[in-house]
Amino acid sequence: MRLAPFQLHRPTELHAALALRAQFGDDSAYYAGGTELLLALKARVLRYEHLIDLKRIVGFDRLARDGNDLVIGPLVTHLRLATDPLIRESLPAYARLSDNVGNIRVRASGTLAGNLCFSEPHADPPALLCLLGASVTVHGPNGERSVPMAEFILGPFTTARADDEILTAIRIPLPTAGEQFCYRSFGHLEYPAVGVAAAYQSQAGAPRYRVWIGCIGDNPIHAEPVEAALAGVPPQALSDVLPQAAEAMAAELPATDDIYGSADYKRHLAAVFIGRAVLESAGMPGGR
Amino acid sequence: MSAAERPDRVDFLDKVTGRAAFISDLDVPGMVHGKVLRSTMPHARITGIDIDAALSMPGVIGIVTGSDLGGIDPIWGVSLKDRPLIAIDRVRYVGEPVAVVVAETEALAEEALDAVMVDYDPLPYVTEAAEALAPNAPLIHDGVQPLKDFYFKGEAKPVAGTNIFQTYAYETGDVDAAFASADRVFEDSFDFPMVYHYAMEPHCGIASFGDDGLTVWSCGQAPTAVQKVLSRIFDLPIARVRVITPLIGGGFGGKASVKIDPLVATVAWKIGRPVRICFSASESMLTARRLSATVNLKTAVSADGMLQAKSVEVLMNGGAYADTGPAVAIKAAIRAIGPYKIPNLRLRSTAVYTNTVPGAAFRSIGGPQGVWATESQMDIIADALGIDPVELRYRNMLKRGEHVRPDLTPIDVDMAEAMGLASQAMSRLDAQEPHRRIVHGTALGIADPANSPVAGVLLRLKIDGSIAVISSSIEVGQGIREVLCRVAAEQLGQPVAAVSALTPDTAIAPFDWGTGASRSSLMMALAIEDAAADIKAQIGDIAASTLGLDPARIELVAGGFTADDKRYSFADLLHPYFGIDSGELIGIGRISPRSRGGALAKAPLFWETAAGRCGITLDEDTGEIAVKRYVSVADIGRAINRTGAEGQDEGAAIMGLGHALFEELIYADGQPVNGTMIDYHVPTIDDVPAQFETVLIENGGGPGPGGMRGMGEGAILPIAPAIANALATGFGIRVKQLPLTPERVWRALQDKKDR
């Protein structure tokens, strides 16, 4: 189907956008890249009388370093994140993730902020952002607040953002020296069935690993048991510990049967990609 | 434009610049727009449709439902008369049209759809063929009438009181005796899913009633079949139904026979204004799909691998309406034979109604289903007997001139040559990357196209030497207009730039059976040959009577002809003949089963064949197959447009790759669960093997000018079994169900570990 008629508003600054939302209430929604929203509107799953287009708001396209953080404005597209030298140099794993989102048309118009606000459970970004310790800033009628990424995604299509709030920035702390990241996802349909983000940090004689699992549950899952099992294990010795830790973790994952695969297969995939992502983050062969 | 600047195809410039007009680009004066409300129930009685609220919405002109069909014949079909123009009191699948809202714009029609309220009383439903056969299965039709020789030659054989709409049986030799005495008997069952055609252009049409009858702008691949069905529905003389077919954005059988024109025309008839209806891709997915199949094979083999008997048992899921399913069911059984000498043969096929999207023709009807089974089993046999699978095929291969089946024309190509070339080409590809571990698989496919030798063409040679080709062959992306131009140019000795192929229009184009079954290039080339001979005869007669020349000494050259070393333009001939410096000659070419001394009546007219060899890798942890290399070989006799023919072959192979790895329309609780292009994956350029070679053999020997055959449907046949055979060879797993999804392959690997 096509879009039902709506009125388009194009504010040029944040407070005008908030004022429009206050004026039209639940009959209105914010809109940036539109790759998720327009599909839902066309399918008539959602319907709004007013769309508040954020694309003309000055400064919303910011992509910059701010102290020890990377700041990603709400209009920054996946394509920019995949190609911008700042991201490619400081967070190559995130640039690669972005380069693999959807297809070129989605990457060119879809924004990371919109992707997070929509909270499609099979999206790639949340697991890696959780791993990176990212936070999001939201602005509402009562001002600004910051929410850690791990607390932002509440479930499928549900986030900590109130409907009248605008996600104004994603902040990612720049990795400390010696920390390496990897994100791997797999699926045979448009969206991945499972995604795994892994980090490796070599601290004088005490290697540390961190792992988050995305797509398989309602929100990203912190694989603390894997991290505990791997703590202190040098990369060369991972093969003694990692398969068992990955499988034990995968067995506990909340997978269900759906078109992405049967639950047992998806748990198996999680184990495979926990292994591959951890190995790759540690620079070991076998990560493929 | 000079000849050197001319692109490979006459339609390329318009298409790449976006100038090409498709049906959805057309605007007929007074035209209004229809949108279809579709059934949400797999099987139900309609107890009420409330249209009042929708009728009062802005721009709404009218709403057509099953209660508006008084005065016309509301039931139609092409094999069986089983299909209402729009649901009447009952729906038989999710997606069936229940009402059409007509409004001044498409957007206003769509807005009003939600306001149409339909009350349903659910009926028990079946979505699987086996369920539909059960003794207590709900009956989907109360009784249907076969239409003999209506579209395809022949007649469906439904079984009264059941959901069976087609039964087919063929037997030669003593099959049971051969099974009883054989060294080895192999029994295997294979499944092929429902798959969707995915033409880039969804179904669309415009219909307009006027003083001169009914005119439709149709996306149908068989304009004359559309014309005939519409004439029956509205009780109009055939000559007063005009079907115009602009450029069409892909069909693959999904627009073959007759699809949406009866609905579009009915709405125009009821509303009294020209009506345009254009489906979305999701709606087209609810309009037609390939028949899914279970194919049971039982094959008797001697210890040294010689095939002695084969029994093919096909069960097809034909969906809610038969469409051309009865023909598909027959072809699936025949196309499961393969290019092998099998002295004792039993074929059985059954097609049933279910509460799913109607099954329909799809590139090589029944072919991929049958070949998937047979070519998988050939490797199973080879493995069990310890014979190399290619060697097993050589041992049993029919030679050119030998019979696939005693009552069918003998095979007219050398399949051993095709298989050999596939191996050679793969060796070349392997040599380019020798270090990589690749597993190979081979499969062959042969199909007997239903060529229906009824066709016609008009050639109009204008006084300035330009030529118009008028035919009913539709340009559906396959490049027929270029073929028409090249053949006409060749037959009349004129430059191809002088020739135009006109938009098909049944008001002026001679009757033709339709565009499909790999027939148009061949049938039209034959017709053009005759039409050109007609023009040459007329030139000879006029040259003799007007210029006093000896017709036997006339030779056509660019822009005219020569006789006795003197050059004449066409104006030099026609100006004195007509008395004015204007005019044309019209050549008529007609093809019938009696043409060429009856040679075109034999069935099949040629064999469409393919050999495929793949090179794959497998991620054993995930079950994901990567097809790294693929070779497709076909003997097409002679290529008219080589790059176009290669494109057709490549397209068929990659379409088959989609069937092999990704595609399956899935039903749960009577509902299609992946009926959008987001959830249903068709191959993209990223899925095309990095090394991919098409080898077209031009050995002549076909029935067309220069020994050409039809082509374009062969390469879809072998790719799925070739990949499955590579999986078995390299990884010891035999998967008998398509698509070969990562999970299915992984599960087979697990089962093997557990054994």
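Conventions adopted
Every chain begins its residue count from 1, and numbering advances along the sequence as written. Chain letters start at A and ligand numbers start at 1, both assigned in the order the entries are written. At least 70 in pLDDT is required for a residue's local features to be given in this predicted model, at least 80 for side-chain atom pairs to be given and counted, and no such filter applies to totals for whole chains, interfaces and linings, which use all residues. Remark: hydrogens and water are excluded; side-chain values derive from all non-hydrogen atoms of the structure. Each salt bridge in this description consists of a side-chain nitrogen of Lys or Arg and a carboxyl oxygen of Asp or Glu lying within 4 Å of one another. A run of DSSP states H or I qualifies as a helix once it reaches four residues; a run of E qualifies as a strand once it reaches two. Both are numbered from the N-terminal end. With a 1.4 Å probe rolled over the protein chains alone, any residue whose accessible area is under 20% of its type maximum counts as buried; one over 50% counts as exposed, and the rest are partly exposed. UniProt positions are given in the numbering used here, feature names are shortened, and annotations may be inferred rather than shown by experiment. Residue ranges for the domains trace back to a domain assignment, done automatically or taken from a database. The contact criterion used throughout is that any non-hydrogen atoms of two residues lie within 4.5 Å. When two parts are put together, the accessible area they lose, computed with a 1.4 Å probe and summed over both, is reported as buried area. N or O atoms closer than or at 3.5 Å make up a polar contact, with two conditions inside protein: a donor-capable atom paired with an acceptor-capable one, and, for residues adjacent in sequence, both atoms drawn from side chains. Gly is put with the polar residues, along with every residue not named as nonpolar or charged; the nonpolar set is Ala, Val, Leu, Ile, Met, Phe, Trp, Tyr, Cys and Pro, and the charged set is Asp, Glu, Lys and Arg. Should DSSP find at least two bridges between two strands, the strands are regarded as paired. Place the viewer so that the strands point away; then a crossover is right-handed whenever the path from the first strand over the helix to the second strand goes clockwise.

### Side note on the pattern of salt bridges
Counted according to the given criterion, the structure contains 60 salt bridges over all chains. Arg2(A) is the salt-bridge partner of Glu106(B), the closest N and O atoms lying 2.8 Å from each other. Taken together, the positions of Glu106(B) in helix H3 (residues 106-113) and Arg2(A) in the segment before strand E1 (7-9) put the pair across two chains. In this structure, Asp258(A) engages Lys266(A) in a salt bridge whose closest nitrogen and oxygen atoms are separated by 2.9 Å. Given a relative accessible area of 33%, Asp258(A) falls into the partly exposed group.

### A word on the UniProt feature "domain: FAD-binding PCMH-type" (unreviewed entry) in chain A
The feature "domain: FAD-binding PCMH-type" (unreviewed entry), as given by UniProt, occupies residues 1-177 of chain A in the numbering adopted here. Along residues 1-177 of chain A one finds 34% helix and 25% strand; the C-alpha atoms at either end are 50 Å apart.

### Here's the deal with the domain arrangement of chain B
Residues and elements named next belong to chain B. According to the domain assignment, chain B contains domain 1 (12-123 + 200-250 + 254-285), domain 2 (289-450 + 603-754) and domain 3 (455-601). Computed over C-alpha atoms only, the centres of domain 1 and domain 2 are separated by 35 Å. Listed by partner, the interface residues are 21 residues for domain 1 and 23 residues for domain 2. When domain 1 packs against domain 2, close to 1,700 Å² is buried across both sides, 59% of that on carbon and sulfur atoms. Between Asp323 and Lys259 there is a salt bridge whose closest N-O contact spans 3.1 Å. The tally of links from domain 1 across to domain 2 stands at 11 residue pairs in polar contact (both at pLDDT 80 or more). Elements that contribute at least two residues to the side of domain 1 that touches domain 2 include exactly strand E6 (83-84) and helix H8 (281-285). The residue inventory of the side of domain 1 that touches domain 2, partitioned by class, reads 10 nonpolar, six polar and five charged.

### A look at the pairing of strand E24 (residues 467-470) of chain B
Residue and element names in this part refer to chain B. With burial as the criterion, each face of E24 is covered, one bearing Ile467 and Val469 and the other bearing Ala468 and Ile470. With four bridges joining them, strand E23 (residues 455-462) and E24 adopt antiparallel strand pairing. Paired with Leu461 across the bridge in E24 is Ile467. Adjacent in sequence and paired antiparallel, E23 and E24 are bridged by four residues, among which Gly465 carries a positive phi angle near 90°. Sheet topology places E24 next to strand E25 (residues 499-501); three bridges connect them, and they run parallel. In the strand pairing of E25, Ala468 is matched with Ser500. Handedness of the crossover joining E24 and E25 through helix H13 (residues 480-492) is recorded here as right-handed.

### Regarding the interface of chain A and chain B
With 24 residues of chain A in contact, the opposing surface of chain B contributes 18 residues. Interface area lost by chain A to chain B is led by Arg2(A), His188(A) and Tyr265(A), which between them contribute 29%. Our count for the contact surface shared by chain A and chain B stands at seven salt bridges. A salt bridge links Glu110(B) to Arg2(A); the nearest nitrogen and oxygen atoms lie 3.3 Å apart. At the junction of chain A with chain B, the criterion picks out 11 residue pairs in polar contact (both at pLDDT 80 or more). Here the side of chain A that touches chain B takes seven residues from helix H12 (residues 263-281) of chain A, the largest share from any one element. Considered class by class, the residues forming the side of chain A that touches chain B number 13 nonpolar, four polar and seven charged.

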